[in-house]
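# Residue-level structure breakdown
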Amino acid sequence: MTLLEVNQVSKRFGGLTANQDVSFTVDAGQVVGLIGPNGAGKTTLFNCIAGFFAPTSGRILLDGLNIAGLSPEACAKAGVARTFQVARTFASMTACENVMTAAMLLEHNIVKSRVAAMHWLGFVNLDRFADKLAASMTISEQRRLAVARALAIEPRILLMDEVMAGLNPSEVREAVEVVLKIRDKGIACLIVEHVLEGIMPIADKIVVLERGMKIAEGTPQQVSNDPLVITAYLGD
Ligand SMILES: Nc1ncnc2c1ncn2[C@@H]1O[C@H](COP(=O)(O)OP(=O)(O)O)[C@@H](O)[C@H]1O
Ligand SMILES: [Mg+2]
């Protein structure tokens, strides 16, 4: 069943077209990878889906409801959660407090939001760091913390922007495990990733952007054999 439908979405910044007529769908519980060279428009598209930018044109349907142009808060209420390319954790707060800021949106009660926060910290395997300051956590831990905080709003789809970048192989495996656990809960995952070894084995579908346009879509195997994709990555 289609959960998210990105339909002919374009986003222009003055004369620069960051996204042009991009269309694809994400089914409930699917893992979809969004890949493409630097500057292809991946983060811009995330910003459009999560309400940080209004698309210049096109529609973004979540369960049939057009969320294009809604505020980030309204998109979150509709079921879209996200992480940022540079993990934006609250440095001077503990891991638990970081997740509580999101849990409080659902649960207007300190005690109950602490319980929810601990649940999500456990889910990403960070419960032992609950009282640790975010500032003193590694990049890999901060990325998982950002995922826990996003999950605490109980989204139907989670957008993750390069959660595996800069991680060592065992940290990549840990991040992959978390994505699979999220999917197994029935939450769809739309993942921007440069770490192709991380995303290719777990994606149901890959969408490839180049210079704002979708140049390929298919199974990981289909897109990695696609001459257009190979050229986009390796040059002519
Ligand atoms: N807020 C903005 N204002 C102007 N140009 C932007 C803005 N955000 C992104 N861009 C431009 O849009 C293009 C796509 O960027 P981005 O979506 O960040 O690509 P990616 O995430 O695929 O690397 C780039 O040329 C970038 O400079
Ligand atoms: Mg980006």
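Predicted, not measured: the structure shown is a model, and the values here were computed from it.

What counts and what doesn't
The residue numbers shown here count from 1 along each chain, following its written sequence. Here chains are named by letter from A upward and ligands by number from 1 upward, in the order in which they appear as written. With pLDDT at 70 or above as the cut-off, local features in this predicted model cover only qualifying residues; side-chain atom pairs require 80 or more to be listed or tallied, and sums for whole chains, interfaces and linings still use all residues. Think of the side-chain values as coming from all heavy atoms in the structure, minus any hydrogens and water. Runs of H or I in DSSP of at least four residues are treated as helices and runs of E of at least two as strands, each being numbered from the N terminus. To sort residues, take the accessible area from a 1.4 Å probe on protein chains only and compare it with the maximum for the residue type: under 20% means buried, over 50% means exposed, and anything in between is partly exposed. An automatic or database domain assignment supplies the start and end points of every domain. By definition, residues are in contact when any of their heavy atoms lie within 4.5 Å. Note: buried area is the sum, over both parts, of the accessible area (probe 1.4 Å) each one loses when the two are combined. What makes a salt bridge here is a side-chain nitrogen of Lys or Arg within 4 Å of a carboxyl oxygen of Asp or Glu, nothing more. In protein, a polar contact means a hydrogen-donor-capable atom and an acceptor-capable atom, both N or O and within 3.5 Å, with residues adjacent in sequence counting only if both atoms are side-chain atoms; elsewhere, any N or O pair within 3.5 Å suffices. Only residues whose relative accessible area exceeds 30% and that form no salt bridge are eligible for patches; like-charged ones are grouped when within 9 Å, while nonpolar side chains (Val, Leu, Ile, Met, Phe, Trp, Tyr) are grouped when within 5 Å. The accessible surface values rely on the Shrake-Rupley method and a 1.4 Å probe; as for residues, cover is taken only from the protein chains in view. By the convention used here, strands pair only if DSSP detects at least 2 bridges between them.

Only a minority of non-glycine residues have a phi that is not negative, and only a minority of peptide bonds are not trans. A positive phi angle is found at Glu162, which is not glycine, with a value near 55°. Along the chain, Glu162 turns up in the loop between β7 (157–161) and α6 (169–184). You can call Glu162 buried: its relative accessible area is 9%. At Arg211, a position not held by glycine, the phi torsion is positive, near 45°. As for its position among the elements, Arg211 is in the loop between β9 (205–210) and β10 (213–218).

Take the domain arrangement of the protein next. Partitioning the protein into structural domains gives domain 1 (1–79 + 155–236) and domain 2 (87–154). On a C-alpha basis, the centroid separation for the pair domain 1 and domain 2 is 24 Å. With 17 residues of domain 1 at the contact, the number on the domain 2 side is 14 residues. Overall, the association of domain 1 and domain 2 removes approximately 1,300 Å² of surface from exposure, summing both partners, and the carbon and sulfur fraction of that is 69%. In this assembly, domain 1 and domain 2 are joined by 1 salt bridge. Residue Glu174 is joined to Arg144 by a salt bridge in which the shortest nitrogen-to-oxygen separation is 3.5 Å. The tally of links between domain 1 and domain 2 comes to 3 residue pairs in polar contact (both at pLDDT 80 or more).

With that out of the way, let us pick up a nonpolar patch on the surface. On the surface, a nonpolar cluster with roughly 310 Å² of combined accessible area is contributed by Ile110, Val111 and Val115. Tracing the backbone shows Ile110 in helix α4 (residues 110–123).

Turning next to the pairing of β9. Buried residues dominate β9, accounting for 5 of its 6 residues. Relative to β10, β9 runs antiparallel, the two being bridged by 5 bridges. Residue pairing across strands places Ile206 opposite Gly218, the latter belonging to β10. Linking β9 to β10, which pair antiparallel, is a turn of 2 residues; within it Arg211 sits at a positive phi near 45°.

Time to look at the side chain of Asn47. The residue Asn47 is located in helix α1 (residues 42–49) in this model. Assessed through its relative accessible area of 11%, Asn47 is described here as buried. Aside from chain neighbours lying at most four places away, what touches Asn47 is Phe52, Phe53 and Arg82.

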